[in-house]
Amino acid sequence: MTLTNVTSLLTHEFMAHSGELYNIRSLVRRAADESGCSEGCSELVVIAVNEAIMNIIQHGYQSNPKGNITIKIKQADNTLIIQLRDFAETVDPAKIKPRDLGNIRPGGLGTHFIREAMDDIKFLSPPDGVGNLLQMIKHIT
Amino acid sequence: MQYNKRNENGFSIVALEGDVDFHSSREARQVLLEIVKEKGDMLIDMSKVEYIDSSGIACLVEAFQESKTAGTKFGLVSVQGTARRVLELARLEQIFPIYSSISEIEAS
């Protein structure tokens, strides 16, 4: 895919601590609004990013707040490209599955929210092979 | 997140306020499960909830299920904005009893 008119909307590094989530949601909301996302579209972007970061904190870093996470948001024409980089143990994407929504129980919804909210999600190879690089794509509506 | 708890017409009403997220959901869980443990009928006023994530939803699901097991009543009141969007994404808006206002319950 050739990207044209790429604009950087956000680059931010932060500690893998749940107390960071409020600030990150504000930054992501601002970037999505700046890109021209409608209110509903921005809301979905915030939901997906929040859940993805929760997964990194909880499952990647096992709630160890010393881990680092970097978020980058870029706009290419009418598409938002969101990348989350962490340095936790490498994730096997095949093992990440949402739960059956018909089975009502606490937990297991984060992955479902991300898939519902985003148009494409994939793990890319991190530049130095360490950690994980999650890329989420959202068409701006 | 902040909360306040009051008793009204036989219900324990918990008004949650702010963001019920991974940072605060443990506290929300404690508050809700304490009411279930006391065998109280519970209404959760969501009118001032600005954001809720999957960990907050997990608290609601757990309290709902525990209430059913205990034979007590459970309901959500004034679910709006992002909170309603998240409930819809989880397909839970048809599962939870949801009321538009406290007065709607009193009238029913």
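Before reading on, note that the structure itself is shown above.
Keep in mind the model is a prediction, meaning the values are calculated, not measured.

Asker: So what exactly am I meant to see when it comes to the sheet that holds strand β4 (residues 74-77) of chain B here?
Answerer: Strand pairing within a sheet occurs via backbone hydrogen bonds; the two strands may be parallel or antiparallel. The sheet built from 5 strands is open, its strands ordered β1-β2-β3-β4-β5 (chain B) with mixed pairing. Whereas interior strands pair on both sides, the edge strands pair on one side only; in this sheet they are β1 (2-8) and β5 (98-99) of chain B.

Asker: What should I look at first to understand helix α2 (residues 54-70) of chain B in this one?
Answerer: Owing to its 3.6 residues per turn, the α-helix brings residues three or four apart onto one side. Residues and elements named next belong to chain B. Along its 17 residues, α2 runs 24 Å from first to last C-alpha, staying within 8% of the 24 Å computed at 1.5 Å per residue. Buried within α2 are the following residues: Ser54, Ser55, Gly56, Ile57, Ala58, Cys59, Leu60, Val61, Ala63, Phe64 and Ser67. Two residues or fewer after α2 comes Gly71, characterised by a positive phi angle close to 75°.

Asker: Is there a simple way to think about the nonpolar core in this case?
Answerer: Generally speaking, nonpolar side chains in soluble globular proteins are found buried as a group. Counting 66 residues, the largest nonpolar core has Val45, Ala48, Ala52 and Ile53 of chain A together with Ile57 of chain B as the members making the most contacts within it. For this core, the element with the most residues is helix α2 (residues 39-60) of chain A, which contributes 11 residues. Not counting the four nearest positions on each side in its chain, Ile57 of chain B is found in contact with Leu109 of chain A together with Ile52, Val86, Ala90 and Leu92 of chain B.

Asker: Explain the interface of chain B and chain A to me, please; I cannot follow it from the model alone.
Answerer: Accessible area lost during the coming together of the parts is what is often quoted as the interface size. Contacts between chain B and chain A engage 19 residues on the former and 19 residues on the latter. Of all elements in the fold, only α2 and α3 (81-89) of chain B reach the threshold of two or more residues within the side of chain B that touches chain A. Residue contributions to the side of chain B that touches chain A peak at 6 residues, all from α2 of chain B. Split into classes, the residues belonging to the side of chain B that touches chain A amount to 9 nonpolar, 4 polar and 6 charged.

Asker: Sorry if this is basic, but what is going on with the environment of Val20 of chain B here?
Answerer: Residues and elements named next belong to chain B. Summarising the element assignment, Val20 is placed in strand β2 (residues 11-20). Of the residues examined, Val20 has 28 C-beta atoms within 10 Å and is grouped as buried. In this structure, the C-alpha to C-alpha distance between Val20 and Ile52, residues 32 residues apart in sequence, is 4.7 Å. Beyond its immediate sequence surroundings of up to four residues, Val20 is in contact with Met1, Ser25, Ala28, Val49, Ile52 and Gly56.

Asker: Looking at this structure, how should I read the sheet that holds strand β4 (residues 120-124) of chain A?
Answerer: All names here are of chain A. Sheet architecture is open: 5 strands sit in the order β1-β2-β3-β5-β4, paired in antiparallel fashion. In this open sheet, the two strands that pair with only one neighbour each are β1 (6-15) and β4. Taken pair by pair, the neighbouring strands of this sheet meet at an average axis angle of 15°, ignoring direction. Alignment of strand β3 (residues 79-86) against strand β5 (residues 132-139), held across 8 bridges, turns out to be antiparallel. Within β5, the position partnered with Thr79 by the bridge is His139.

Calculation rules
Residues numbered from 1 in each chain as written. Chains lettered and ligands numbered in written order. Predicted model: local features only at pLDDT ≥ 70, side-chain atom pairs only at ≥ 80, totals over all residues. Pairing = 2+ DSSP bridges. Helix = DSSP H or I, 4+ residues; strand = E, 2+ residues; numbered from the N terminus. Expected span 1.5 Å × (residues − 1). Buried ≥ 20, exposed ≤ 12 C-beta atoms within 10 Å, placed from the backbone. Core = buried A, V, L, I, M, F, W, Y, C linked by C-beta atoms within 7 Å. Contact = placed C-beta atoms within 7 Å. Nonpolar A, V, L, I, M, F, W, Y, C, P; charged D, E, K, R; others polar. Axes fitted to C-alpha atoms, helices over the stretch in contact; angles between N-to-C directions.

By themselves these figures say nothing about function.
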